[in-house]
Each structure stands twice: as structure tokens, then as C-alpha cells.
Amino acid sequence: MQIIIYYNVLGLLKKYLFLNAFKKTSNYDRNYHKMSDKRIHSALISVFYKDGLADIVRMLHDLGIKIYSTGGTFNFINDLGIPAEKVEDLTTYPSILGGRVKTLHPSVFGGILARRENKEDLEQLSKYKIPEIDLVIVDLYPFEETLKSSDLEEEIIEKIDIGGISLIRAAAKNYNDVLIVSGREQYPELNKLLTEKKGNTTLEERRHFAAKAFQTSSHYDSAIFNYFNRVSGIPVFRESINTSYPLRYGENPHQKGVFYGDPGLIFDKLHGKELSYNNLLDLDAALSLIDEFTEPTFVVIKHNNACGVATRKNPLDAWKDALACDPVSAYGGVIVSNTPIDEVTAPEIDKLFFEIIIAPSFSESALTVLKQKKNRIILLRKESEKRNYGFRYLLNGVLWQQRDNITESVNDMKPVTKKTPLPEEFNDLVFANIIVKHSKSNAIVLVKNKQLCASGIGQTSRVDALKQAIEKAQTFGFDLKGSVLASDAFFPFADCVEIAHKAGITAVVQPGGSVRDQESIEYCSANGVAMVFTGIRHFKH
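Reading the values: rules and limits
- Residues numbered from 1 in each chain as written.
- Predicted model: local features only at pLDDT ≥ 70, side-chain atom pairs only at ≥ 80, totals over all residues.
- Heavy atoms only, no water.
- Pairing = 2+ DSSP bridges.
- Helix = DSSP H or I, 4+ residues; strand = E, 2+ residues; numbered from the N terminus.
- Contact = heavy atoms within 4.5 Å.
- Axes fitted to C-alpha atoms, helices over the stretch in contact; angles between N-to-C directions.
- Salt bridge = Lys/Arg side-chain N within 4 Å of Asp/Glu carboxyl O.
- Buried < 20%, exposed > 50% of the residue type's maximum accessible area, 1.4 Å probe, protein only.
- 1 Å grid on protein atoms, 1.4 Å probe; cavity = no way out; pocket = protein on both sides within 12 Å on 5 of 7 lines; lining within 4 Å.
- Points joined across faces, edges and corners; volume = space filled by probe spheres on them.
- Nonpolar A, V, L, I, M, F, W, Y, C, P; charged D, E, K, R; others polar.

(A) Spatial organisation of the sheet that holds strand β3 (residues 66-69). Read from one edge to the other, the open sheet built from five strands follows the order β4-β3-β2-β5-β6, with strand pairing classed as parallel. Strand pairing shows two members of the sheet lacking a second neighbour, β4 (85-86) and β6 (179-181), which therefore form its edges. For β3 and β4, the ladder comprises two bridges, and the chain directions are parallel. Residue pairing in the sheet places Tyr68 in a bridge with Glu85 of β4. Taken strand by strand, helix α2 (residues 53-62) contacts β2 (42-46), β3 and β5 (135-138), and its axis lies near 160 degrees from that of β2. Each of β2, β3 and β4 is contacted by helix α3 (residues 71-79), which is oriented at about 140 degrees to β3, the strand it contacts most.

Written out as C-alpha cells, the structure reads:
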């Protein structure tokens with residue numbers, strides 16, 4: 001009995017101690033969050049872009065928030081009939097050095113960086129008559145925009161912001177007390193905050209805006225560094241992309257995926273479901289290949305490789321012959337054309353189930369036909385610049401390289417055999433070499449009359465790639481007599497040219513460079529096969 005009573009008393013004591021501790025903790029949390037809420041009493045505004053600012057300024061004024069401002073921004077606010085104090089009056093220094101120095105002063109940065117809970121900080125603000133600044137609205141000089149519009153270094157250098165970037169970093173560092181708005185794209189979020197909270201902010205909100213501020217500053221600094229590093233060539237990797245495009249999933253449904261970039265600069269989506277990770281990979285492959293052609297051409301892509309390519313005098317014939325290359329693989333593929341899709345071609349395309357079609361334009365009747373399938377993705381291509389480099393993440397780092405921008409013409413093809421290719425064979429060799437350049441290695445491409453007959457791609461053996469291409473061409477009824485062959489790399493032995501010759505191929509293009517080149521040359525010369533070397537390998541992995 002005594003033991004039972006003892007344990008009951010002990011249990012009650014533990015329960016009391018726990019509840020008391022919980023109560024204290026809860027009160028602490030409530031008090032902490034209450035203390036973390038801040039009221040905005042003053043704001044510093046200094047922006048390059050004024051669009052969208054008027055509503056913010058009016059709201060700040062209505063909330064009784066004192067405004068400090070600089071130069072053109074002060075004039076803008078003054079024109080709205082809203083009172084503001086010049087930063088020059090606060091610092092007692094005018095804007096100097098042609099506007100290079102405006103806000104870089106202790107009277108500004110002291111008011112931003114002062115820790116409100118720090119007694120010594122507050123005493124120093126009082127001693128030097130520095131007002132607290134609770135909200136900073138600032139953007140940066142348009143450095144990247146200037147890069148696109150000017151080659152004058154003096155003009156570019158003047159668009160490197162100093163005061164603005166310093167204000168952003170200072171306010172973001174002191175997010176415990178200060179709200180930082182670092183770009184006009186954040187105005188809607190600020191507007192909502194001011195409307196709903198009437199000038200009050202929480203620590204979480206200020207920290208959120210601080211994160212965006214450091215995003216702004218890091219992106220800006222990366223752009224400046226990359227500009228200087230074009231000459232300096234410091235071997236480090238810096239890449240910053242501020243826009244993102246959500247994907248349904250990654251390469252497979254169980255993988256998350258995001259595209260960092262703005263596909264809206266490349267195309268407009270006219271119809272269909274959202275793009276996927278694999279869609280974007282295929283689109284990149286499709287656009288890279290189609291850009292090699294100037295005559296009316298259709299390309300069909302499946303898993304990043306061409307399964308149909310044809311160039312003809314009109315879009316309809318180009319489509320029919322591109323599809324004929326491999327109508328089985330074309331099912332569910334990506335179609336790209338370098339010419340408008342008209343009302344004659346669209347019904348023929350509509351007969352095939354495909355994921356995406358992208359072209360420079362579509363007639364109204366063509367769109368009516370193609371939009372009949374709800375999920376079919378129709379993209380209108382735009383004029384856009386391509387980067388001259390690419391990179392991929394692997395192991396614990398990044399691989400960077402220049403794009404493979406070399407495309408050989410007839411003049412780059414050096415005959416090495418007794419027989420020289422005929423003019424029509426040279427045209428087909430150029431055509432085949434373009435396709436093999438954009439095919440996964442090891443790759444062999446067979447072409448006849450500017451039409452892809454077949455390709456062998458992604459093989460570990462060049463002989464296997466060739467055999468795969470020949471078998472595929474024969475399966476779809478192609479007569480390979482008089483066709484040409486392109487290889488993305490040299491032949492280590494003469495076995496490939498021997499197999500090609502026996503299949504009816506009459507001309508070959510390859511980079512050359514094998515220690516056994518002569519064996520392939522001798523076989524071709526002895527059997528009436530023309531072969532040319534380019535000296536350029538086109539591996540693609």
C-alpha cells in the first residue's frame with residue numbers, strides 16, 4: 001500500500017513538472033513570435049525601374065510610414081504628391097561622382113544594420129542621430145540587359161551597381177528587424193503583405209524576402225563575374241538561372257523534375273498538356289538538328305535520336321518521306337519542321353499519334369486539325385539565341401564544354417580513294433554527316449536522296465551500329481544501292497566498309513584518324529566505293 005501511494009505521488013509530481021515546463025515553453029514561444037513581429041515605421045526607396053511602384057508608395061503613405069528616397073525615385077514620389085525625405089538631407093552629402101555614390105553612408109547603413117534588441121547599437125543611433133530604417137525597396141542597374149544591347153565596355157561597367165547591391169545585402173543580413181524588397185517582381189507580394197498586415201511583418205516573412213534578396217545579389221554577381229571571366233578565363237564554374245518551369249516529373253514518374261530556364265523564350269505553347277522532362281530532352285535534340293537545314297525539312301525524334309529526316313521541295317513531301325524512314329519508331333515521337341505547317345500537310349501529320357509538333361508557324365486550318373487531340377502538344381517556335389556551351393552534372397562536379405558547332409560542307413570533305421563521290425553523293429554525304437553528328441555514339445547513318453534510310457545508334461561496336469542500320473533499312477523496304485554512309489568516328493578496321501559495300505553503299509564519309517585507315521582506303525578503292533575524310537569527329541554521349 002505504501003509503495004502504491006509513493007508511485008502515485010511521484011507520478012503526480014512528474015505530471016505537474018511537465019505541465020509547468022510546457023506552459024513556460026509555450027509562453028516563451030508566444031512571446032518570441034510576438035517579439036519577432038515588427039511594425040514598419042520608415043522605408044528607404046531607391047529603384048531604377050519605377051513601374052508598379054506608385055501603388056506601393058501610396059500604401060506606405062496611407063499607413064503613415066516615413067519615406068526616404070534618392071534622385072529620380074525621390075522625384076517620382078514627389079510627382080505623386082507624397083512627401084518623402086531626400087537621402088542627401090539625411091547624410092548631409094550630395095550624390096557625387098556622377099551618381100556613383102548616393103547611399104553609401106553610415107547614416108543610411110547604420111539605420112538598416114542596427115540590431116533593435118542591442119542596447120549599444122541603439123545608443124549609437126541616438127548619439128549620431130541616425131533614424132532606424134525598417135523597409136528597404138531597391139533594385140539594381142540593368143547589367144544583363146546592357147550586355148545584350150551594347151558592346152561598349154564603358155557603358156557596361158557603369159551598369160555595375162554598388163549602392164544598390166550593398167543596400168540589399170545589408171537589409172537582408174538584418175532580416176531580424178528589416179524587410180528587404182529587391183526587385184519589382186516582388187511588388188505584388190509586398191502589396192499583399194501591406195494590405196493584409198497593415199505594415200506589420202513576421203520574422204518568417206522577413207526571412208523569406210531576405211532569401212530572395214540573396215538570390216538577387218548572387219545572380220547579379222554571377223553575371224558580372226562571367227562577363228569579366230570571358231577574358232580572364234579563371235577555371236571556376238558559375239551559372240545562375242532565376243526562372244524555373246515545373247515538370248510533371250523527372251525522367252521517370254518516381255523522380256521529381258524541374259526545368260531551370262524560360263522555355264517561353266524558345267516557343268509558345270498553343271495547345272496540349274504540360275511538357276515533361278523527356279519532352280524537353282527531345283525538343284532540344286529536335287531543334288539542334290533541324291537548325292542544320294535550310295531547305296524544307298521534317299525531323300522526327302524519339303529518345304533524343306532522329307528516326308526520320310527528309311528534305312524536299314515542299315512540306316508535304318518532306319513529311320511523308322520523313323515518316324517513311326521508320327513509321328514504327330515515329331509513333332509517340334516529337335515532330336519538328338523548319339517550314340510552316342499548312343492545311344495540306346496537317347491532315348497527313350494528324351494520322352500519326354505523336355507527343356509534340358513544333359514549327360515556325362501554323363495556318364488556322366492546320367491548327368484546327370491538329371488540335372483535335374486534347375493532349376497533343378503544339379508549339380510555335382520563336383527566334384532565339386543559342387548558348388555556345390553546355391554542361392552536365394556528374395560524379396561530384398560539372399562537365400562544361402563548347403557546343404559542337406562544326407558542320408562540314410562538301411569543301412571540307414577530302415576524297416581519299418580512287419573513286420570520287422558524284423555530286424549527288426556529295427549532297428547526301430553532307431546530309432548524312434549532319435544527322436550522324438546529332439546521333440548517340442557509336443552511330444552510323446545511311447542516306448539516299450536526302451532521306452534518312454536508317455541509323456544504328458548508341459552501340460558499343462561500330463560494326464553492330466552498321467548492321468543495325470542495314471537491317472532496319474531493309475525492314476522498311478529501302479533499296480540501299482547508291483546510298484551513302486556517315487560515321488561519327490573513324491573505322492578501326494576495314495570490316496565496316498566491307499559490310500557497307502556488300503549492302504550496296506557507294507560512298508562513305510568519316511573523320512579518319514585510325515592507324516589502320518589505309519586498310520579501309522584500299523578496300524574501298526579496290527571495290528569502287530568512294531570515301532572522304534573530314535578530320536572532325538562527332539562523338540555524342
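And the narrative resumes.
(B) Main features of the pattern of salt bridges. Enumeration over the complete set of coordinates arrives at 26 salt bridges. Between Lys38 and Asp177 there is a salt bridge, with its nearest N and O atoms 3.0 Å apart. One end of the pair, Lys38, is in strand β1 (residues 38-39); the other, Asp177, is in the loop between α9 (163-173) and β6, with 139 residues separating them in the sequence. With relative accessibility at 2%, the residue Asp177 sits in the buried group. Glu498 is paired through a salt bridge with Lys502; the nearest N and O atoms lie 3.0 Å apart. Here Glu498 pairs with Lys502, and both are found in helix α19 (residues 495-502), just four residues apart, close to one helical turn. Judged by its relative accessible area of 31%, Glu498 falls in the partly exposed class. If you follow the salt bridges from partner to partner, you end up with Arg116, Glu132 and Asp134 in one network.

(C) Highlighting the layout of surface pockets. For the second largest pocket, the calculated volume is near 480 Å³. Along its surface, the second largest pocket is lined by 27 residues, and Gly99, Arg100, Lys102, Tyr141 and Asp161 are the ones closest to its centre. Broken down by secondary-structure element, the contributors of at least two residues to the lining of the second largest pocket are α3, α8 (153-158) and α9. Along the lines of polarity and charge, the residues of the lining of the second largest pocket split into 10 nonpolar, 10 polar and seven charged.

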